[in-house]
Amino acid sequence: MRTAATARTLAVEILRETLERGGRATALLTERSPELSAEDGDLLRRIVLGVLRNRARLDEELSAVCRAPLSRLAPDLKEILEVALYQIRYLDRVPAYAAVDEAVAHAKSSGGRGAAGLVNAVLRNLLRLPPPPSGEARDGPADAAALSLRFSHPRFLVARWLARFGTEATLSILEADNAASGLDLITNARRTSREALAAGLSAEGVATRPSPLSPLALTVVSGNPLRSPLFAAGHFAIQDLASQALALLLPAGDTLVDLAAAPGGKSFSALLLGRARRSVALDRSVRRLRLVR
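As the structure is a computational prediction, the values presented were derived from the model and not from experiment. (Residues numbered from 1 in each chain as written. Predicted model: local features only at pLDDT ≥ 70, side-chain atom pairs only at ≥ 80, totals over all residues. Heavy atoms only, no water.)

Engineer: How should the overall build of the protein be read in this particular structure?
Structural biologist: Per the secondary structure count, the protein includes 15 helices and 6 strands. Rg of the C-alpha trace for the protein: 21 Å, near the compact-globule value of 19 Å for 293 residues, within the 12% margin. Viewed in the frame of its principal axes, the protein has a C-alpha envelope of about 60 × 50 × 35 Å. Relative to all contacts within the protein whose residues are 6 or more apart in sequence, the contacts with residues 24 or more apart total 60%. Accessible surface, the protein: about 15200 Å² in total, of which carbon and sulfur atoms supply 54%. In the protein, the 39 positive side-chain charges and the 30 negative ones have mean positions that sit 5 Å from each other. (Helix = DSSP H or I, 4+ residues; strand = E, 2+ residues; numbered from the N terminus. Rg over C-alpha atoms; globule rule 2.2 N^0.38 Å. Contact = heavy atoms within 4.5 Å. Areas by Shrake-Rupley, 256 points an atom, 1.4 Å probe, with all protein chains shown as cover. Lys, Arg positive; Asp, Glu negative; His and termini not counted. Charge placed at Lys NZ, Arg CZ, Asp CG, Glu CD.)

Below you can see the structure in the form of structure tokens.
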């Protein structure tokens, strides 16, 4: 329980930094998870990204039974509740009683007995209620407001998709958009090849598979690549397949001007994939622009 609790505690910290202070969840996950086991690193990633994908839906459930507005809760309490409820509703490997117990213990260490009592009451009340229709099930009303809440998407966007594509296609888009993604790597072709990187990671117990979408992409099947010396040596970076595929859509040219470059992943992939010989990286945030270097 101790290691799993650490993953959940880290999840709360990352969510708070992301939602309250404008941090980047993927960068924070990369920074905070190297010391975790592969199993708990995966748990941390699933919780953080799962809460972000389903936050509106989670908050609607919590608001219905919480005696105080969520926006007025003490620091960390809202995130503690969101993490616990996400585990209860979406994760099979975490028993409901364990998620509640860990959330109560975390709340007590964070805000004292009063905070622990509030978290315990909210989560116990939710466990007595039937869960709402699952986001993936094609049941329930199909109007924009209901789908917006059910899939945690902006209402205007859902309304636009319904008008443009119809109900069935919109449901398919929403389900795909909320599906959990794997951990994707981009090979630093200036230091190694994709095949050599896959072999090196395999020797360290990290299994990967090549992606058909990008010639430099590997998707992690098992293991924690962030603990690999190859990561520290710059042989690969963490980058979603979508970002790598975006670079491949660019026409080949001499100079790429990236107007919102931080933290630099898309410029990096465009250079590696031969879409530009050099890149000019610009961003409004000086703090985030330092990440490009």
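Structure shown, so let's carry the discussion forward.
Engineer: Explanation requested: the sheet that holds strand E2 (residues 207-210) in the structure shown.
Structural biologist: Within a sheet, adjacent strands bond to each other through the backbone by hydrogen bonds, running parallel or antiparallel. Strand order in the open sheet formed by 4 strands is E2-E3-E1-E4, with antiparallel pairing between adjacent strands. Two strands bound the open sheet, and with one partner strand each, they are E2 and strand E4 (236-238). Along the sheet, successive strands turn relative to each other by an average axial angle of 35°, direction set aside. The pairing of strand E1 (residues 184-187) with strand E3 (residues 217-222) spans 3 bridges and is classified as antiparallel. (Pairing = 2+ DSSP bridges. Axes fitted to C-alpha atoms, helices over the stretch in contact; angles between N-to-C directions.)

Engineer: I keep staring at the packing of aromatic side chains and nothing clicks. Help me out?
Structural biologist: The description of two aromatic rings rests on the distance between their centres and on the angle between their planes. For the structure on display, the rule yields 2 aromatic pairs. Between Tyr86 and Tyr90, the aromatic rings sit 4.9 Å apart at their centres with planes inclined by 20°, giving stacked as the arrangement. Highlighted residues: Tyr86 and Tyr90, both in helix H5 (residues 77-90), separated by 4 residues, approximately one helical turn. Judged by its relative accessible area of 8%, Tyr86 falls in the buried class. Accessibility expressed as a relative area gives 22% for Tyr90, which makes it partly exposed. (Phe/Tyr/Trp six-rings, centres within 6.5 Å; stacked < 30°, edge-to-face > 60°. Buried < 20%, exposed > 50% of the residue type's maximum accessible area, 1.4 Å probe, protein only.)

Engineer: Would you mind going over unusual backbone geometry with me for this structure?
Structural biologist: Outside of glycine, negative phi angles account for most residues, and trans bonds account for most peptide bonds. Residue Pro263 is bonded to the preceding Ala262 through a cis peptide linkage, with omega at 5°. Within the fold, Pro263 resides in the loop between strand E5 (255-258) and helix H14 (265-272). One non-glycine residue, Asp76, adopts positive backbone phi at about 80°. Assignment of secondary structure puts Asp76 in the loop between helix H4 (55-65) and H5. A relative accessible area of 21% places Asp76 in the partly exposed class. Within the chain, Ser152 stands out as a residue other than glycine whose phi angle is a positive 55°. Examined against the element boundaries, Ser152 turns out to sit in the loop between helix H8 (144-151) and helix H9 (155-165).

Engineer: Would you explain the pattern of salt bridges in this entry?
Structural biologist: Side-chain pairs of opposite charge can arise whenever the charged atoms involved come near each other. As enumerated under the stated definition, the model contains 11 salt bridges in all. A salt bridge links Arg277 to Asp254; the nearest nitrogen and oxygen atoms lie 2.8 Å apart. Remark: Asp254 occurs in the loop between helix H13 (241-248) and E5 and Arg277 occurs in the loop between H14 and strand E6 (278-281); sequence separation between them is 23 residues. Exposure remark for Arg277: the relative accessible area of 60% places this residue in the exposed category. Note that Arg278 and Asp254 form a salt bridge whose closest N and O atoms lie 4.0 Å from each other. With Arg278 in strand E6 and Asp254 in the loop between H13 and E5, this pair connects stretches of sequence that are 24 residues apart. Taking the relative accessible area as the measure of exposure, Asp254 reaches 38% and is therefore partly exposed. (Salt bridge = Lys/Arg side-chain N within 4 Å of Asp/Glu carboxyl O.)

Engineer: Just checking my understanding: could you explain helix H10 (residues 167-178) for this structure?
Structural biologist: Each α-helix turn comprises 3.6 residues. Residues three or four places apart therefore point the same way. Its 12 residues place the ends of H10 17 Å apart at the C-alpha level, agreeing with the 16 Å of an ideal helix rising 1.5 Å per residue. Considered for burial, the residues of H10 that qualify are Thr170, Leu171, Leu174, Glu175 and Asn178. Projection of H10 onto a plane perpendicular to its axis shows the buried side chains occupying an angular sector of 135°, all on one side. Turned more than 90 degrees off the buried face of H10, the exposed positions are Glu168 and Ala176. In this structure, the buried side of H10 is in contact with helix H3 (38-53), H8 and H9. (Expected span 1.5 Å × (residues − 1). Arc of directions from axis to C-beta.)

Engineer: Help me understand the nonpolar core, please; the structure alone is not making it clear to me.
Structural biologist: Leu44, Val48, Leu81 and Val119 are the most contacted members of the largest nonpolar core, which totals 43 residues. Counting residues per element, the ones that place at least two in this core are helix H1 (2-21), helix H2 (25-32), H3, H4, H5, helix H6 (96-111) and helix H7 (113-128). Those residues in contact with Leu44, other than ones at most four positions away along the chain, are Ala7, Leu10, Ala11, Ile14, Leu29, Ser33 and Leu36. (Core = buried A, V, L, I, M, F, W, Y, C linked by side-chain atoms within 4.5 Å.)

What is shown is where atoms sit, not what they do.
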